[in-house]
Amino acid sequence: MTEKNVVTAIHDTLHERMAADERVVILGEDIATRGGVFRVTQGFLDEFGEERVIDTPIAEGMIVGVAVGMALHGLLPVAEIEFADFIHPAFDQMVSEVSRMRYRTNGDFGLPMVVRAPYGGGVHGALYHSQSIEAFYGHIPGLKVVVPSTPYDATGMLRAAIDDPDPVLFLEHKRTYRLIKGDVPDEPFVVPIGKADVKREGDDLSVISYGLMLHVCLEAASRLQDQEGVKAEVVDVRTINPLDTETILTSVRKTGKAMVVYEDNRTYGAGAEIAATIAEEAMFDLDGPIVRIGGPDVPAMGFATNLEHAFLPDADRIYTHMLELARF
Amino acid sequence: MTEKNVVTAIHDTLHERMAADERVVILGEDIATRGGVFRVTQGFLDEFGEERVIDTPIAEGMIVGVAVGMALHGLLPVAEIEFADFIHPAFDQMVSEVSRMRYRTNGDFGLPMVVRAPYGGGVHGALYHSQSIEAFYGHIPGLKVVVPSTPYDATGMLRAAIDDPDPVLFLEHKRTYRLIKGDVPDEPFVVPIGKADVKREGDDLSVISYGLMLHVCLEAASRLQDQEGVKAEVVDVRTINPLDTETILTSVRKTGKAMVVYEDNRTYGAGAEIAATIAEEAMFDLDGPIVRIGGPDVPAMGFATNLEHAFLPDADRIYTHMLELARF
Amino acid sequence: MPSEDGDVATRVTTAASHEALGLGEDDLLSIHRTMLTARLVDEASFRLNRQGKAPFVVPVSGHEGCQVGTAWALRRGQDIWVPYYRDVAVVLVAGMTPVEIFLGLFAKADDPSSGGRQMPSHWGSRRLGIISHSSPIATQVPHAAGIAYAAKYRKEDAVVGCWFGEGATSEGAWHEGMNFAGIHKLPIVFICENNQYAISVAQAKQMAVENVADRGPAYGFPGVVVDGSDVIACYGAMRTAVDRARAGEGPTLIEAKTYRFFPHTSDDDDRSYRTREEVEAAKHRDPLHLFEHYLRKVGVLEKSAVDELAVEVKAEVDKAVDQAWSAPDPEPSSLTRHVFSEGDEA
Amino acid sequence: MPSEDGDVATRVTTAASHEALGLGEDDLLSIHRTMLTARLVDEASFRLNRQGKAPFVVPVSGHEGCQVGTAWALRRGQDIWVPYYRDVAVVLVAGMTPVEIFLGLFAKADDPSSGGRQMPSHWGSRRLGIISHSSPIATQVPHAAGIAYAAKYRKEDAVVGCWFGEGATSEGAWHEGMNFAGIHKLPIVFICENNQYAISVAQAKQMAVENVADRGPAYGFPGVVVDGSDVIACYGAMRTAVDRARAGEGPTLIEAKTYRFFPHTSDDDDRSYRTREEVEAAKHRDPLHLFEHYLRKVGVLEKSAVDELAVEVKAEVDKAVDQAWSAPDPEPSSLTRHVFSEGDEA
Ligand SMILES: Cc1ncc(C[n+]2csc(CCOP(=O)(O)OP(=O)(O)O)c2C)c(N)n1
Ligand SMILES: Cc1ncc(C[n+]2csc(CCOP(=O)(O)OP(=O)(O)O)c2C)c(N)n1
Ligand SMILES: [Mg+2]
Ligand SMILES: [Mg+2]
């Protein structure tokens, strides 16, 4: 066991996989000489050389497209998008190519590749360094989308992603990078893609979340138990696609109360699918309304501190909603 | 009143606006000399000249980006994306530019522009000429997304879109182009963006749909009344963003039964938001489960006729679900 | 010696000589047969389209010279082919058979490219090293660069050929892929089949340069213009580019000036954007006829032999059509397969 | 005459002469003051950053020559400026004041660019004809082309200036915008501020050409290299390009070779990718000092006057800082405003 933060967990796992397998190459903007703007790949250039650690031109569509080519020809590319906000020039590659290669060839070709992208707000990133993108990319059949939110999950899921024969979009909430610490086993382990995780048990209500909001929900849940004795079960979605509806529904059926919390713009966000699934599958098991809390439907949080705060759901607000739902 | 099909309705309305206002210019691939691959702009080049009817290079990001520039400088551009499947290279322009210009400038700049795109399946278009894209683009705050499905709505909503001070993504289901006919008043009228429409009244259940599926639902509803005497109310969503939750909820509250039908891949599709909204706002008014029917979660329909049919929800299937829900 | 086909003769190129390029008679005959096969596959496909048996056809006619000429310089089993939809003749060179092409045309279960999922002419075969492509234009260009990077990284002696139309050069993806290939001096050859139109849009509305090849230097590698109707000249240009790539000297952009004899696809009507005179004039530079003339000139093939061969190849093509037509359709239930790995892939 | 600043003198360009370009003494003094203001805004911003008052700074130092030189050839109230985040000095020329710049730095309600919504240095002002831009690189290039198209369509006598770094040329959007501008011979000038790095990535990893300007011909218009440290030379190159654009002869791509003296932004640490020696060496070609030397040489400004001016401008800048600092923050409730038109826009 070693205590690490999220960014170290990702660094170490990537390092481990590169050291173990020559087919793993990484590419992205500023990842080589500079070791990444978040220092995820610090020291990799010296250790693995510039053939495996590739500083690319500023062209995200190309980064993803080149990774497709590499994956087609025997490599296991791990591409970094500097900020998730800048993945959109690669949307066509993601929708039309990455996610469709296996399907369109009836299984003849496969794409073992990972695209990593730091996403999310709370870092003074304003409109273009704060976005949540999981709803856009979660809606692409053929693409796996994961959002680990702890050092443990980041480690185990990055291993799973690199091992996966199919493409994985690996989203890292950048606010968790240095904020969230936790123990990580020194022995290799894998956290399977497609499995949600009950991060806190409880039977009064179920709170389904992921990313930074997961931690906000855990904080609110802990306070709620301390102050009101209400026990919230907190489910970490962990994988956006394919969604683990079973774990979510099991929890909801147990508690009879469901709340979905996410940072992204509320409307048509990933939480809509989760709420809809609960409604369809477990409505008759519910003892209260389905509560859905998302970011406001504005382009993104502003740079001014107070505009950023006004955007992000916080623990107080979630605490209030939890209490209200528990008491329903 | 003149009976028209959808493609003629769009042609005529675009023509009317171009004739009336010199600021309206159109741009896209093959729209000038060839009059568009679906002939929407047939004859426009001769009438309005090549300065206003612009055959562009194959570069959708540029088509949208150039339209942004035009809208910033006094024109009212209407861009055509040849097939909605090919709008993805413009995703970054749509998310980062088109939809954020007004917000990021605190209202200083606005973008009166329309992007038209034929979408949807049922035309032997295979993976890349059949996509539904409304879920991706509906989730972009600052962008209006409309899906008129009749000649009347296409006419009235295209007028509204061109008049709108904000950007509108105007989606045209290509299977409806020549399939759906209807009367269109000769006098100018507008169908407001953001208003759903009850296309068929009924009080046994509410069916919420749009696009080609709307017509499939209407067919099933008509048969259902004839054969079983069950009266389904069919609500045409018409605008994906901003969603008219009021009309939807009013209908659901009246009938107590809700079914959502869409052609796009089911998971994280637009129907998820509609189902979630109904669950949150009207769960206690429901007398049955929320039923959601979408396309399978595969990249898209195949070219083989039977693969295309296997993908698309049809009237028989919807009929069965309607009946089941009505009898619940 | 007076020519048998009138003014075609006067246009026959003499720029390239097959001997100088190391091509023997057998090569010439195989090249010719491949071009002829492509042409006859096209004609059969349009016939099937009119009969209502093939809902969608993408024609190749007119492009056989530049396709076979360039593709011929790559080696099966070693090099990689990244074609686009127009490239019937490229995939024939790569080893796809007419039966396989028609299986795709009819969207049959055994269509090697996609099992009937993609539109016809969306080639792909892992076995043959033909990289699957999609409909969106130019997305294959960064793929080709990534494959070339991987080949170089793995110290393989492979070269990647990447084909596209002149319209494709307008997409950002094209620029980005070219740029990456130039930076890393990758073993790759880009081949632009410039037929002067992107569906209806003429070259002058697509770019403000006369030659696509003029863009090579913007990426730090040479651009070469070649007569796409001259199969031997195309082979020569590609040979040089492939040798360069194999020697580690980096990419080349080859632009073959060509023309498409039929509409863009069976859904298109080209009368709105090209005069019949223009199309007829272009047919005077039919790469197949020009090459047949060349073969006669150099004494490799008699006129009568050409006619016989046409009959023979047509019979083969017709047989392929029949065989493909009677093959089974995909199972509707297969719709949900292969979204993700099923664990049993090779 | 021996130079006061050692080896700088020997590097002063003599290629351009202000008289030949029609610049009078007043112009020279205004140009100088603008460059100096930009420099001092930068220094104040970094000071504020260290004090914890400015969370994010994008420096301009080193780029003042190419920015002021090129921007100077456009006309306020008539022409359009499409800058990128590095362009403090461009927007000063366009009419933005230091107070306004600091309102943006502090994310205040009255920040003219965004009311505190965007990061600092994301310029925009409808009144001044400065087009709002976002963070994603190169997206403004097609906008600039669209504006130029509209200006031409409306028969205005306007020219669009569009600025970007050399790293921006790798994005597909850049290629696509350049291509459209070339096809329609639009009244536009593209200015690449080539400071040799895109954050940490050196030019050789960004492109395989020596000069960005070499890419102009790929779009059918000229590319010109100019010494970005020589403000007069930059003005001259832009003057020619603007005249060309106004005369209907189409775009020009100007590449100004420059250098950024500070890290990419206040969040960056440039020691991982540039040696201190390299940075120090570049400072020998400081555009501000070179221009001051030039002003002395041509007798427009004494050394002592420069020093006095620096004190004066610094006082102005400090006052602007104070004024901006005490301005109100945006209302948190304003978060949901202006997603769509509120019907009351001008
Ligand atoms: C991204 C994208 N935009 C538009 C289309 C529609 N489209 C199909 S083929 C084509 C023309 C391509 O022209 P060119 O590259 O010159 O190749 P050619 O067909 O002439 O061989 C267009 C615009 C597409 N397939 N993909
Ligand atoms: C699409 C996109 N990708 C990546 C980034 C992150 N980024 C911000 S500035 C920058 C470097 C730009 O370099 P250059 O164009 O040379 O301009 P300079 O900063 O050197 O003036 C990068 C990669 C971004 N803003 N947008
Ligand atoms: Mg073409
Ligand atoms: Mg730079």
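Residues numbered from 1 in each chain as written. Chains lettered and ligands numbered in written order. Predicted model: local features only at pLDDT ≥ 70, side-chain atom pairs only at ≥ 80, totals over all residues. Heavy atoms only, no water.

## Remarks on the overall build of chain A
Then comes step 1: For chain A, the count of helices and strands is 13 helices and 14 strands.
Then comes step 2: Taking 2.2 N^0.38 as the reference for a compact globule, 328 residues should give roughly 20 Å; the C-alpha atoms of chain A span a radius of gyration of 19 Å, in line with that estimate.
Then comes step 3: Here the C-alpha coordinates of chain A stretch approximately 60 × 45 × 40 Å along the principal axes.
Then comes step 4: Classification of the 328 residues of chain A by burial places 74% in the buried group.
Then comes step 5: Sequence separation of at least 24 residues holds for 82% of the intrachain contacts in chain A that already meet a minimum separation of 6.
Then comes step 6: In the structure as shown, chain A presents an accessible area of about 8700 Å², 46% of it carried by carbon and sulfur atoms.
Then comes step 7: When the 29 positive and 51 negative side-chain charges of chain A are each reduced to one mean point, those points stand 3 Å apart. (Helix = DSSP H or I, 4+ residues; strand = E, 2+ residues; numbered from the N terminus. Rg over C-alpha atoms; globule rule 2.2 N^0.38 Å. Buried < 20%, exposed > 50% of the residue type's maximum accessible area, 1.4 Å probe, protein only. Contact = heavy atoms within 4.5 Å. Areas by Shrake-Rupley, 256 points an atom, 1.4 Å probe, with all protein chains shown as cover. Lys, Arg positive; Asp, Glu negative; His and termini not counted. Charge placed at Lys NZ, Arg CZ, Asp CG, Glu CD.)

## Topic: the sheet that holds strand β11 (residues 232–236) of chain A
All names here are of chain A.
Then comes step 1: Strand order across the open sheet formed by 5 strands is β9-β11-β10-β13-β14, with mixed pairing between neighbours. Of all strands in the sheet, those with a lone pairing partner are β9 (197–200) and β14 (291–295), marking the two edges. Each strand axis lies, on average, 25° off the axis of its neighbour in the sheet, ignoring direction.
Then comes step 2: Pairing geometry for strand β10 (residues 205–209) and strand β13 (residues 258–265), over 3 bridges, is parallel. Across the sheet, residue Val207 finds its bridge partner in β13, namely Met259. (Pairing = 2+ DSSP bridges. Axes fitted to C-alpha atoms, helices over the stretch in contact; angles between N-to-C directions.)

## Remarks on the coordination of the magnesium ion (ligand 3)
All names here are of chain C.
Then comes step 1: Ligation of the magnesium ion (ligand 3) by protein atoms is provided by Glu166 (OE), Glu166 (OE), Asn195 (OD1) and Tyr197 (O), these donors lying 2.1 to 2.7 Å from the ion.
Then comes step 2: Between the 6 donor atoms coordinating the magnesium ion (ligand 3), the angles at the centre fall across 51 to 175°, so the site counts as irregular.
Then comes step 3: Linear spacing of the donor residues for the magnesium ion (ligand 3) on their chain is E-x28-N-x1-Y. Comparing Asn195 with Tyr197 shows no difference in burial state: the two are buried. (Donors = N, O, S within 2.8 Å, 3.2 Å for Na, K, Ca; no water. Tetrahedral: all angles 85-135°; square planar, octahedral: opposite > 155°, others 65-115°.)

## What to know about the site of ligand 2
Then comes step 1: Taken together, the neighbourhood of ligand 2 is formed by 21 residues, with Glu60(A), Tyr84(D), Tyr85(D), Arg86(D) and Tyr197(D) sitting nearest.
Then comes step 2: Residue neighbours of ligand 2 fall on chains A and D, so the site bridges chains.
Then comes step 3: Between a nitrogen atom of ligand 2 and a side-chain N or O atom of Glu60(A), the distance comes to 2.5 Å.
Then comes step 4: In this structure, Asn195(D) approaches ligand 2 through a side-chain N or O atom, which is 2.8 Å from an oxygen atom.
Then comes step 5: For the shell around ligand 2, the residue count by class is 10 nonpolar, 5 polar and 6 charged. (Near = heavy atom within 4 Å. Polar contact = N/O pair within 3.5 Å; in protein donor to acceptor, adjacent residues only side chain to side chain. Nonpolar A, V, L, I, M, F, W, Y, C, P; charged D, E, K, R; others polar.)

## Structural notes on the coordination of the magnesium ion (ligand 4)
Residue and element names in this part refer to chain D.
Then comes step 1: Protein coordination at the magnesium ion (ligand 4) comes from Glu166 (OE), Glu166 (OE), Asn195 (OD1) and Tyr197 (O), with a distance range of 2.1 to 2.7 Å.
Then comes step 2: Taken together, the 6 donor atoms surrounding the magnesium ion (ligand 4) define angles of 51 to 176° at the centre, an arrangement classified as irregular.
Then comes step 3: Read in sequence order, the donor residues coordinating the magnesium ion (ligand 4) give the pattern E-x28-N-x1-Y. In this pair, Glu166 is assigned in the loop between β2 (160–165) and α7 (172–183) and Asn195 in the loop between β3 (188–194) and β4 (197–198), connecting sequence segments 29 residues apart.
Then comes step 4: We classify Asn195 as buried; its relative accessible area is 3%.

## A word on helix α3 (residues 64–71) of chain D
Then comes step 1: Burial runs high along α3(D): 8 of the 8 residues are buried.
Then comes step 2: Within α3(D), the full set of buried residues consists of Glu64(D), Gly65(D), Cys66(D), Gln67(D), Val68(D), Gly69(D), Thr70(D) and Ala71(D).

## Overview of the sheet that holds strand β1 (residues 80–82) of chain C
By way of backbone hydrogen bonds, the strands of a sheet pair with one another, either parallel or antiparallel.
Residue and element names in this part refer to chain C.
Then comes step 1: Spatially, 5 strands are ordered β1-β2-β3-β7-β6 in an open sheet, and the strand pairing comes out parallel. In this open sheet, the two edge strands, each paired with only one partner strand, are β1 and β6 (223–227). Between one strand and the next, the sheet's axes are offset by a mean angle of 20°, whatever the strand orientation.
Then comes step 2: Bridge count between strand β3 (residues 188–194) and strand β7 (residues 252–257): 6 bridges; the pairing is parallel. Bridged to Val189 within β7 is Thr252.

## Here's the deal with the domain arrangement of chain A
All names here are of chain A.
Then comes step 1: Once the domains are mapped, chain A shows domain 1 (2–184) and domain 2 (197–327).
Then comes step 2: Placing a centre on the C-alpha atoms of domain 1 and another on those of domain 2 gives a separation of 26 Å.
Then comes step 3: With 30 residues of domain 1 at the interface, the matching set in domain 2 holds 26 residues.
Then comes step 4: Taken together, the two surfaces of domain 1 and domain 2 that pack against each other cover about 2100 Å², and 58% of this comes from carbon and sulfur.
Then comes step 5: Ranking the residues of domain 1 by area buried against domain 2 places His124, Glu134 and Val147 at the top, with a combined share of 24%.
Then comes step 6: Along the contact surface separating domain 1 from domain 2 lie 2 salt bridges.
Then comes step 7: Measuring nitrogen to oxygen at the nearest pair gives 2.8 Å for the salt bridge that ties Asp153 to Arg238.
Then comes step 8: Put simply, domain 1 and domain 2 have 15 residue pairs in polar contact (both at pLDDT 80 or more) between them.
Then comes step 9: Taken together, the elements giving at least two residues each to the side of domain 1 that touches domain 2 come down to α6 (134–138), β6 (144–146), α7 (151–163) and α8 (176–179). (Domains from an automatic or database assignment. Buried area = accessible area lost by both parts, 1.4 Å probe. Salt bridge = Lys/Arg side-chain N within 4 Å of Asp/Glu carboxyl O.)

## Thoughts on the packing of α3(D) against helix α8 (residues 231–246) of chain D
Residue and element names in this part refer to chain D.
Then comes step 1: Direction vectors running N to C along α3 and α8 enclose 35°, while the axes themselves pass 7 Å from each other. For the pair α3 and α8, the crossing hand works out as right-handed. Across the interface between the two elements, Gly65, Cys66, Val68, Gly69 and Thr70 of α3 pack against Val231, Cys234, Tyr235 and Met238 of α8. (Left-handed = near helix turned anticlockwise from the far one by under 90°.)

## What about the interface of chain D and chain B?
Then comes step 1: Opposite the 43 residues of chain D that make contact, chain B presents 38 residues.
Then comes step 2: Between chain D and chain B, roughly 3300 Å² of surface is buried when both sides are summed, and carbon and sulfur atoms account for 62% of that area.
Then comes step 3: Counting the surface chain D buries against chain B, the share from its top three residues, His143(D), Tyr153(D) and Phe340(D), is 21%.
Then comes step 4: Inspection of the chain D/chain B interface yields 1 salt bridge.
Then comes step 5: The salt bridge partner of Arg126(D) is Asp108(B), with a shortest N-O separation of 3.8 Å.
Then comes step 6: Along the contact surface separating chain D from chain B lie 17 residue pairs in polar contact (both at pLDDT 80 or more).
Then comes step 7: When residues of the side of chain D that touches chain B are traced back to their parent elements, those giving at least two are α6 (140–153) and α7 of chain D.
Then comes step 8: Broken down by element, the residue count for the side of chain D that touches chain B peaks at 9 residues, all from α6(D).

## Description of the relation of the copies chain A and chain B
Then comes step 1: Screw-axis analysis of chain A against chain B gives a translation of 0.0 Å along the axis, an RMSD of 0.0 Å, and a rotation angle of 180°. In the structure described here, the two chain copies are related by an operation that fits a two-fold rotation axis. No C-alpha of chain A approaches the rotation axis more nearly than that of Ala276(A), which lies at 2.2 Å.
Then comes step 2: Looking at the interface residues of chain A, 100% of them are also at the interface in chain B, so both copies use one shared face. (Least-squares fit on C-alpha atoms with pLDDT ≥ 70 in both.)

## A look at the pairing of β7(C)
Residues and elements named next belong to chain C.
Then comes step 1: Of all the 6 residues making up β7, 5 are buried; the element is thus mostly covered by neighbouring parts of the structure.
Then comes step 2: As paired elements, β6 and β7 share 5 bridges and run parallel to each other. Along β7, the bridge assignment pairs Val226 with Ala256.
Then comes step 3: What joins β6 to β7 is helix α8 (residues 231–246), and the crossover it makes is right-handed. (Right-handed = clockwise from strand over helix to strand, strands pointing away.)

## Considering the packing of aromatic side chains
Then comes step 1: On inspection of all chains with the given rule, the structure shows 41 aromatic pairs over all chains.
Then comes step 2: When the centroid spacing of 6.1 Å and the interplanar angle of 80° are considered together, the rings of Phe164(C) and Trp174(C) count as edge-to-face. Note that Phe164(C) is positioned in strand β2 (residues 160–165) and Trp174(C) in helix α7 (residues 172–183), a separation of 10 residues in sequence. The exposure classification of Phe164(C) matches that of Trp174(C), with both residues buried.
Then comes step 3: Through pairs of rings, three or more aromatic residues link up here, namely Phe91(A), Phe136(A), Tyr137(A), Phe91(B), Phe136(B) and Tyr137(B).
Then comes step 4: The positively charged end of Arg274(C) is found above the aromatic ring belonging to Tyr197(C), 5.8 Å away from the centroid.
Then comes step 5: Over the face of the ring belonging to Trp325(D) we find Lys108(D), whose NZ or CZ atom lies 5.4 Å from the ring centre. (Phe/Tyr/Trp six-rings, centres within 6.5 Å; stacked < 30°, edge-to-face > 60°. Lys NZ or Arg CZ within 6 Å of the ring centre and 35° of its normal.)

## So, the nonpolar core
The tendency in soluble globular proteins is for nonpolar side chains to be buried side by side.
Then comes step 1: Core analysis: the largest hydrophobic core is formed by 338 residues, its most contacted members being Tyr137(A), Ile278(A), Tyr137(B), Ile278(B), Met322(B) and Phe102(C).
Then comes step 2: If sequence neighbours within four positions are ignored, Ile278(A) has contacts with Ile208(A), Ile248(A), Leu249(A), Val252(A), Ala258(A), Val260(A), Met283(A), Leu286(A) and Ile290(A).
Then comes step 3: Among the nonpolar cores identified, the runner-up in size contains 146 residues, and Val114(A), Ala326(A), Leu36(D) and Leu92(D) belong to it. (Core = buried A, V, L, I, M, F, W, Y, C linked by side-chain atoms within 4.5 Å.)

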